[in-house]
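Letter by letter, the chains look like this.
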Amino acid sequence: MSTSLDSLPIIDLSLLAGDGADVAAFDEALLRATHEVGFFYLVGHGIPEDVVEHLFAEAERFFALPEADKLDVEMTRSPHFRGYTRTGGELTEGRVDWREQIDVGAERDLVTGGAAYNRLEGPNLWPDALPSLRPTLTDWSQRCSIIGMTLLRAWARALGAAEDRFDDAFDRPSTLIKLVRYPGRDGDKRQGVGAHKDPGVLTLLMIEPEKAGLQVEHGTDWIDAPPVPGAFVVNIGELMEFVTDGYLRATRHRVLSPPAGASRLSIPFFFNPSVDRAMPHIDLPAELAAQAPGVSQDPDNVISGTFGDNLLKARLRAHPDVAAIHHPDLVG
């Protein structure tokens, strides 16, 4: 694993495979990376190159659709925050993000009543003009979910808990795929997406080859995180910080827009527990607990152990137009 502050650590998932598996080495590398940085590159994950290439080709086909076809599935039509967001239609820290995207979550039945976060459960909006999108993203979600559970069990082991410590919280995982396109622009307005922490547990990100722009905060510096061929960029979210009393770090990150005339595709997959589940707390071994500084305290961003509370808070802030149309009682 690389420890340079100029680049993210690299971890090889194939260390867990076959007769030569080295579980202890993998767990140690995973724990160090997410304690010290909160981000790493994941290689050796086993997803074939042609599957990744097909995924990016499908994203290109979606963004090449006529605007009317994309607006047929615009997020303002969905009370569950699913669907297409046009360029400039999302906010981070109150500032406009310069990207267009489509959000596809776990396909669910409607939930009536109960906690406010139940409003996040429901069907996706699939474009009639691109019927191949649904099977492509369904397959990708299944592949990434397997990797996600593998990482969660490794974290549990490395933190001194039973390997299945997190399993019950993921009986009906909340998954989300974003297909994201960052159009190029010059000048001072380079916010592709503003600095933020993810509100959940785990993110697996694929970036278009040779397209820079992602930056990760480390101390007072921003580290460039360009794509590594075939690798995921992996980061943990606020809930992993919450359940480890800050031993694992949810790290701020941002994306700078590409230069004018260029564009950049990225495809994050968010793997999180059921909206109604609280992540189980980890009682850290003494040597780890001594290095746990506590959960970040931000009065403008109070972290809840229940995933649905965290996600709803983030969605209402990021998509005020959807909130105003469908959830006026939650904003004001």
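The preceding data block contains the structure.
Read on for an overview of the structure. (Residues numbered from 1 in each chain as written. Predicted model: local features only at pLDDT ≥ 70, side-chain atom pairs only at ≥ 80, totals over all residues. Heavy atoms only, no water.)

Here's the deal with the pairing of strand S9 (residues 202–207)
Next up, step 1: Burial analysis of S9 places six of its six residues in the buried class, which makes it a mostly covered element.
Next up, step 2: Neither face of S9 is exposed, since Leu202, Leu204 and Met206 on one face and Thr203, Leu205 and Ile207 on the opposite face are all buried.
Next up, step 3: Pairing between S9 and strand S12 (residues 232–236): four bridges, direction antiparallel. Within S12, the residue paired with Thr203 across the bridge is Asn235.
Next up, step 4: Here six bridges tie S9 to strand S14 (residues 263–272), and the two strands are oriented antiparallel to one another. Across the sheet, Leu204 pairs through a bridge with Phe269, a residue of S14. (Buried < 20%, exposed > 50% of the residue type's maximum accessible area, 1.4 Å probe, protein only. Helix = DSSP H or I, 4+ residues; strand = E, 2+ residues; numbered from the N terminus. Pairing = 2+ DSSP bridges.)

Some details on the environment of Val216
Next up, step 1: Structurally, the position occupied by Val216 is in strand S10 (residues 214–218).
Next up, step 2: Between the C-alpha atoms of Val216 and His196, which are 20 residues apart in sequence, the distance is 9.9 Å.
Next up, step 3: Sequence-distant contacts of Val216, that is, excluding residues within four places in its chain, are made with Leu8, Phe39, Asp221, Trp222, Ile223, Ala225, Thr251, Arg252 and His253. (Contact = heavy atoms within 4.5 Å.)

Considering the environment of Asp167
Next up, step 1: Inspection of the secondary structure assignment puts Asp167 in the loop between helix H4 (133–158) and strand S7 (174–183).
Next up, step 2: The sequence separation of Asp167 and His326 amounts to 159 residues, and the corresponding C-alpha distance is 33 Å.
Next up, step 3: In contact with Asp167, not counting residues within four places along its chain, are Met149 and Arg153.
Next up, step 4: For Asp167, the side chain forms a polar contact with the side chain of Arg153, separated by 3.0 Å. (Polar contact = N/O pair within 3.5 Å; in protein donor to acceptor, adjacent residues only side chain to side chain.)

Concerning the layout of surface pockets
Next up, step 1: Taken as a whole, the second largest pocket holds about 320 Å³ of empty space.
Next up, step 2: If you go around the second largest pocket, you meet 17 residues; those closest to its centre are Val52, Ile207, Pro209, Pro229 and Gly230.
Next up, step 3: For the lining of the second largest pocket, the secondary structure elements donating two or more residues are helix H2 (49–63) and S9.
Next up, step 4: Sort the elements by how many residues they give to the lining of the second largest pocket and H2 lands first, with four residues.
Next up, step 5: Taken together, the residues of the lining of the second largest pocket sort by class into twelve nonpolar, two polar and three charged. (1 Å grid on protein atoms, 1.4 Å probe; cavity = no way out; pocket = protein on both sides within 12 Å on 5 of 7 lines; lining within 4 Å. Points joined across faces, edges and corners; volume = space filled by probe spheres on them. Nonpolar A, V, L, I, M, F, W, Y, C, P; charged D, E, K, R; others polar.)

A word on the packing of H2 against H4
Next up, step 1: Contact pair H2 / H4: the axes reach a minimum separation of 10 Å and the direction vectors enclose 140°. It follows from the interaxial angle that H2 and H4 lie oblique. As H2 packs across H4, the resulting crossing turns out to be left-handed. Across from Val51, Val52, His54, Leu55, Glu58 and Phe62 in H2, the residues of H4 making contact are Leu133, Thr136, Leu137, Asp139, Trp140 and Arg143.
Next up, step 2: In terms of residue class, the contact of H2 with H4 is built from seven nonpolar, two polar and three charged. (Axes fitted to C-alpha atoms, helices over the stretch in contact; angles between N-to-C directions. Parallel < 35°, antiparallel > 145°, perpendicular 65-115°, else oblique. Left-handed = near helix turned anticlockwise from the far one by under 90°.)

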